[in-house]
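Structure assessment
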Amino acid sequence: MVWSAHPTPQVTLGKPLAPGCFAPILNGMANPVLSFTDRGIYCAAGDFYIDPWRPVDRALITHGHADHARPGHRRYLCTEGCAPVMRHRLGTITVDTVKFGEARRIGDAQVSFHPAGHLPGSAQIRVEVGGEVWVASGDYKVAQDGLSEPFEPVRCHSFITECTFGLPVFKWEDQAHVAKDLNAWWSANAAEGKTSILGAYSLGKAQRLLAMIDPQIAPILTHAAVENTNAVLRGQGYRLPDTIQVTPDTNPKDHKGALVIAPPSALGSQWARRFGLSSTAFASGWMRLRGVRRRRAADRGFVVSDHADWNGLMQAISETQAENIFVTHGYTDIFARWLKTQGYNAQVLRTEFGTDEDDTDTPTGDAA
Amino acid sequence: MKDFAALFTTVDQTTKTSLKTKALADFFRTASDDDKLWTIALFSGRRPKRAVTTTQLREWAAEVGGIPLWLLEESYPIVGDLAETIALTLPPPSRVSDLSLTHWITELKSLAALDIDARKARILDAWDQLDPTERFLFNKLITGGFRIGVSQKLMTRALAQATDQDEASLAHRLMGGWTPETTTYHALIEAEDAEADESRPYPFYLAYQLEDAPDALGQPDAWQAEWKWDGIRGQVILRNGTHHVWSRGEELMTDRFPEFARLTDFLPDGIVLDGEIVAWDGAQPFPFNTLQARIGRKTVPKKLLKDAPVILLAYDLLEHEGQDLRDLPLQERRARMDALLHNLPDDAPIKAAPPLPFDTWETLAHTRATARDNRAEGLMLKRNDSPYLAGRKKGDWWKWKLDPLTVDAVMIYAQQGHGRRANLFTDFTFAVWDGNDLVPFTKAYSGLTDEEFRKITAWVRKNTQQRFGPVRQVTPHHVFEIAFEGIHASPRHKSGISLRFPRMSRWRHDKPLQEANTLNDLKDLLETYG
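Residues numbered from 1 in each chain as written. Chains lettered and ligands numbered in written order. Predicted model: local features only at pLDDT ≥ 70, side-chain atom pairs only at ≥ 80, totals over all residues.

1. A word on the overall build of chain B
- From N to C terminus, chain B includes 19 helices and 21 strands.
- By the compact-globule yardstick of 24 Å for 530 residues, chain B fits well, its C-alpha radius of gyration being 26 Å.
- Dimensions of chain B along its principal axes, counting C-alpha atoms only, are 75 × 70 × 50 Å. (Helix = DSSP H or I, 4+ residues; strand = E, 2+ residues; numbered from the N terminus. Rg over C-alpha atoms; globule rule 2.2 N^0.38 Å.)

Rendered as structure tokens:
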């Protein structure tokens, strides 16, 4: 993602793709439901922001990843499922919660949260003002992962979508298929007396993997960052297999053939070296690309993403029945151009989303 | 194809050479002779003739994938490999098959006889029965450059393990002009008579760069020194009354250098010489860019032949009277070579590369300092009693190159790399000051660490001013030290100069933009070293 380092004007229109394509669709909207400011997505009718990146008075949050749930806002509103993780990550904050589908009136706006399928508790935010409906998707995936509340299409006039994987080369395999590969990798390592170290983002991806794999193979060890999140989600009633947190006292010999789940940054570190003979792997959508797999220099790459793939994006957009599509982080220029050929009013939005671990270190973000 | 795809997957999933070698050796133990032969061919840079153009492949893949061509084209630089982009874009196959690697290569070769519609139908039919990995490999067979993390050396080692043969002699058997069409696995690998091919060169012995002063090499009198010439390393083979010229990259260059046809007039049959092919001005080599004009031409116009004649500066004799001399000590090979080249007329297209006399390492260091004046890029140090080994080996041969020339330059354009470097900005254009203007003068792709490439990539994304296709114009801000081996006048370049082997030697975080070098500085360097 390319961001403007300097303060941007109050309303930032997407960059036109080419001369002639410049058709600022907000022109026809005297009072758009949502507008785009240097603090984030803003609703004037309700005087609130969605996932703002600078401190504001009232913030509606789609999910707990650091690029969407930032510290410093006076009041937060999110789903019941999202709040515990946010409190865990942001400390003492003032949070009000809603159930999925529960309608709230904020000023002149009618607001509700709907499952985004990105991770447990993650939501799309529907905003209705005077009969006009906008939906900000946050991050989402349409395929079910067995842990997150399944993605729910929401009809709207304008849809703000991510497009982290908005290229036709990104297509995910069925989760059961990947789970089989993961289990086979782990089993083979265990049979050779090796530890399996799997790099995955500590909120969301790690728990999804825990829910995917076969816990009978051998013990499962976790990095503290992963285990802390596990504890929060278990406290909310999400079912995860038993895990053992790695501490300075952990003796790898007591856990032969174990699977270790750790944030990607821990792989190759001093922390990981304690496990001795091991095989390493990453689980990420980027593992679809051979170049990225090889650059990460792990033994294996499993294609597991909490973002929608190409088909998922198209399915979600089509099901909203929206005419206006705003695309944020990912291959925005290319994806918007494609949407235009499909008859949508598509426009690129510059945001400060797209810095969680699934997006960084990788080919993301080419808004410039 | 499934066994070959499984081999590829295993090799691709590991960074450990030992595991790659084992996987390949296992394949060589179980695959059919035809598949083995093609596998050897592919990993030694031999490919089936291209049956369809990459443009056609792109169009057909977009059509089958249900996307416009531009979308496939936009995806390509992000994926970094066309074969992979196509494999990932296509819809899942409607059926499965398990036909051999050789079958698919034969299928590709048979396309040459068909019209374009029939070719398309056959390619689409192939895609429709191959899984994504098989498709990637199938596409690779067409698009060329079969680089998938297996070097010829690694393949040779695996084959040596699988067949219980000596690696060096196997490497020798694999040299030369064979293709899977002209030989069989048995003839190439197993048959007793490995000398069947009269054009076959020996594996080149390659030297490592000497990092420190040569004092650690021991007594100077155990060593021979020569100039390290800036030409093309080549082997000249005189057997059965004909001659062959091979480059180090195992490219047959006989037709490019017709001068060497006359060698049979001067030298006896049954000879292989190792040396440097250089363009010769009568007294010393021309700068490398003169030779460059020759390398690009498969057939040479008369004028070029006259303006840039080549000779071999020979420094080793590998075969004499049909006998392989490689196990003899260097000084003995050298003595035999000198006897052969002694008393040849001045216009013979060959000269013995002169050994450089020296008593101490210190005097040799002084000689090295004059390398540029002698149109050399440094020195070669060879142990007098060294045999001629195969491949890059440490110990007996060293190159002791001059320190490169450097300038501090400003990055002005950036482009993404390919393959492992896809999605990283790795290809940059650099400029120097001309008054208040920045004049581009070179590109450079290498020299930074992965970490530095990641940093500069993030910076490029945030500081793009304009895009020209895949090229980004960036805010002039970062200064890099560019190291290079030589500098030449070049009317084709805006700056009027071209560099030899430019690379980024340092990221000058400490250097403000304004303090980068100027075009006049470059002209001074051209004056001194050009």
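Moving on from the coordinates now.
2. Focus on the domain arrangement of chain B
Residue and element names in this part refer to chain B.
- Examined at the domain level, chain B breaks down into domain 1 (2-143), domain 2 (205-401) and domain 3 (405-529).
- Measuring from the centre of the C-alpha atoms in domain 2 to the corresponding centre in domain 3 gives 33 Å.
- Opposite the 6 residues of domain 2 that make contact, domain 3 presents 6 residues.
- Within the side of domain 2 that touches domain 3, the residues separate by chemical class into 2 nonpolar, 1 polar and 3 charged. (Domains from an automatic or database assignment. Contact = placed C-beta atoms within 7 Å. Nonpolar A, V, L, I, M, F, W, Y, C, P; charged D, E, K, R; others polar.)

3. A closer look at the sheet that holds strand S12 (residues 195-199) of chain A
Residue and element names in this part refer to chain A.
- Ordered by their spatial adjacency, 6 strands build an open sheet running S14-S13-S15-S12-S16-S17, and the pairing between neighbours is parallel. In this open sheet, the two strands that pair with only one neighbour each are strand S14 (244-245) and strand S17 (300-302).
- With 5 bridges connecting them, S12 and strand S16 (residues 278-283) associate as parallel partners. Within S16, the position partnered with Gly 199 by the bridge is Phe 282. (Pairing = 2+ DSSP bridges.)

4. Details of unusual backbone geometry
- Even without a glycine there, the phi angle at Asp 51 of chain A is positive, about 45°.
- With respect to the helices and strands, Asp 51 of chain A occurs in the loop between strand S3 (48-50) and strand S4 (58-60).
- One non-glycine residue, Asn 343 of chain B, lies in the positive phi region at around 70°.
- Mapped onto the fold, Asn 343 of chain B is located in the loop between helix H16 (330-341) and strand S9 (350-352).

5. Quick word on helix H5 (residues 69-79) of chain B
- Three or more residues of H5 of chain B are buried, namely Leu 71, Leu 72, Glu 74, Ser 75, Tyr 76 and Val 79 of chain B.
- Looking at the buried residues of H5 of chain B, the elements they touch are helix H8 (332-341) of chain A together with helix H4 (54-65) and helix H6 (82-89) of chain B. (Buried ≥ 20, exposed ≤ 12 C-beta atoms within 10 Å, placed from the backbone.)

6. A word on the packing of helix H1 (residues 2-12) of chain B against helix H2 (residues 17-30) of chain B
Residues and elements named next belong to chain B.
- Relative orientation of the contacting elements H1 and H2 amounts to 170°, with a least axis distance of 9 Å. In this view, H1 runs roughly antiparallel relative to H2, as classed from their interaxial angle. Contacts between H1 and H2 involve Asp 3, Leu 7, Thr 10 and Val 11 from the former and Lys 20, Ala 23, Leu 24 and Phe 27 from the latter.
- Among the residues forming the contact of H1 with H2, the class breakdown is 5 nonpolar, 1 polar and 2 charged. (Axes fitted to C-alpha atoms, helices over the stretch in contact; angles between N-to-C directions. Parallel < 35°, antiparallel > 145°, perpendicular 65-115°, else oblique.)

7. Structural notes on the pairing of strand S14 (residues 425-434) of chain B
Residues and elements named next belong to chain B.
- Burial analysis of S14 places 7 of its 10 residues in the buried class, the great majority of the element.
- In this structure, strand S13 (residues 405-416) lies alongside S14, joined through 6 bridges in antiparallel fashion. Across the sheet, Val 410 pairs through a bridge with Ala 431, a residue of S14.
- By the bridge criterion, 7 bridges tie S14 to strand S15 (residues 437-444) in an arrangement that is antiparallel.

8. Notes on the sheet that holds strand S5 (residues 75-79) of chain A
Residues and elements named next belong to chain A.
- Pairing is mixed across the open sheet formed by 6 strands, whose spatial order is S1-S2-S3-S4-S5-S6. Lying at the two open borders of the sheet, with one neighbouring strand each, are strand S1 (35-37) and strand S6 (95-98). For this sheet, the mean angle separating the axes of adjacent strands, direction not counted, is 30°.
- In this structure, S3 lies alongside S4, joined through 2 bridges in parallel fashion.

9. Points about the nonpolar core
- Residues Leu 209, Val 260 and Ile 261 of chain A are the most contacted members of the largest nonpolar core, which totals 208 residues.
- Setting aside residues no more than four positions away along its own chain, Leu 209 of chain A makes contact with Leu 198, Ala 200, Ile 261, Ala 283 and Val 304 of chain A.
- In terms of nonpolar packing, the next biggest core, distinct from the first, is built from 30 residues, Phe 425, Phe 441, Leu 448 and Leu 499 of chain B among them. (Core = buried A, V, L, I, M, F, W, Y, C linked by C-beta atoms within 7 Å.)

10. Description of the interface of chain B and chain A
- Counting residues at the interface gives 24 residues for chain B and 22 residues for chain A.
- Of all elements in the fold, only H5, H6 and helix H18 (450-462) of chain B reach the threshold of two or more residues within the side of chain B that touches chain A.
- Examining the composition of the side of chain B that touches chain A, we find that 5 residues originate from one element, H5 of chain B, more than from any other.

11. Brief notes about the domain arrangement of chain A
All names here are of chain A.
- Partitioning chain A into structural domains gives domain 1 (25-170 + 306-348) and domain 2 (175-302).
- At the junction of the two partners, domain 1 supplies 17 residues and domain 2 supplies 16 residues.
- A per-class count over the side of domain 1 that touches domain 2 returns 8 nonpolar, 7 polar and 2 charged.

12. A few points about helix H9 (residues 132-143) of chain B
Residue and element names in this part refer to chain B.
- Relative to the 16 Å expected for 12 residues at 1.5 Å per residue, H9 spans 16 Å between its end C-alpha atoms, a close match to the ideal helical length.
- Of all 12 residues making up H9, 9 are buried, and the element is well covered by its neighbours.
- Within H9, the full set of buried residues consists of Glu 134, Arg 135, Phe 136, Leu 137, Phe 138, Asn 139, Lys 140, Leu 141 and Ile 142.
- Positive phi shows up at Gly 144, right after H9, with a value of about 85°. (Expected span 1.5 Å × (residues − 1).)

13. A look at the environment of Leu 69 of chain B
Residue and element names in this part refer to chain B.
- Considering the arrangement of structural elements, one finds Leu 69 in helix H5.
- Among the residues examined, Leu 69 registers 13 C-beta atoms within 10 Å and is labelled partly exposed.
- Once you skip the residues sitting within four places of it in the chain, Leu 69 turns out to touch Arg 58, Glu 59 and Ala 62.

14. What to know about the pairing of strand S6 (residues 271-279) of chain B
Residues and elements named next belong to chain B.
- Extensive coverage of S6 is indicated by the burial of 9 of its 9 residues.
- Relative to S6, strand S4 (residues 232-239) runs antiparallel, the two sharing 7 bridges. Its bridge partner lying in S6, Gly 234 is registered against Gly 275.
- Both S6 and strand S7 (residues 310-320) contribute to a ladder of 8 bridges, which runs antiparallel. Residue Ala 279 lies in a different strand from S7, and its bridge partner there is Val 310.

15. Topic: the environment of Leu 111 of chain B
Residue and element names in this part refer to chain B.
- Structurally, Leu 111 is set in the loop between helix H7 (101-110) and helix H8 (116-127).
- Between the alpha carbons of Leu 111 and Lys 351 there is a distance of 48 Å; along the sequence they are 240 residues apart.
- Beyond its immediate stretch of four places on either side in the chain, Leu 111 contacts Ala 51, Val 52, Arg 119 and Arg 122.

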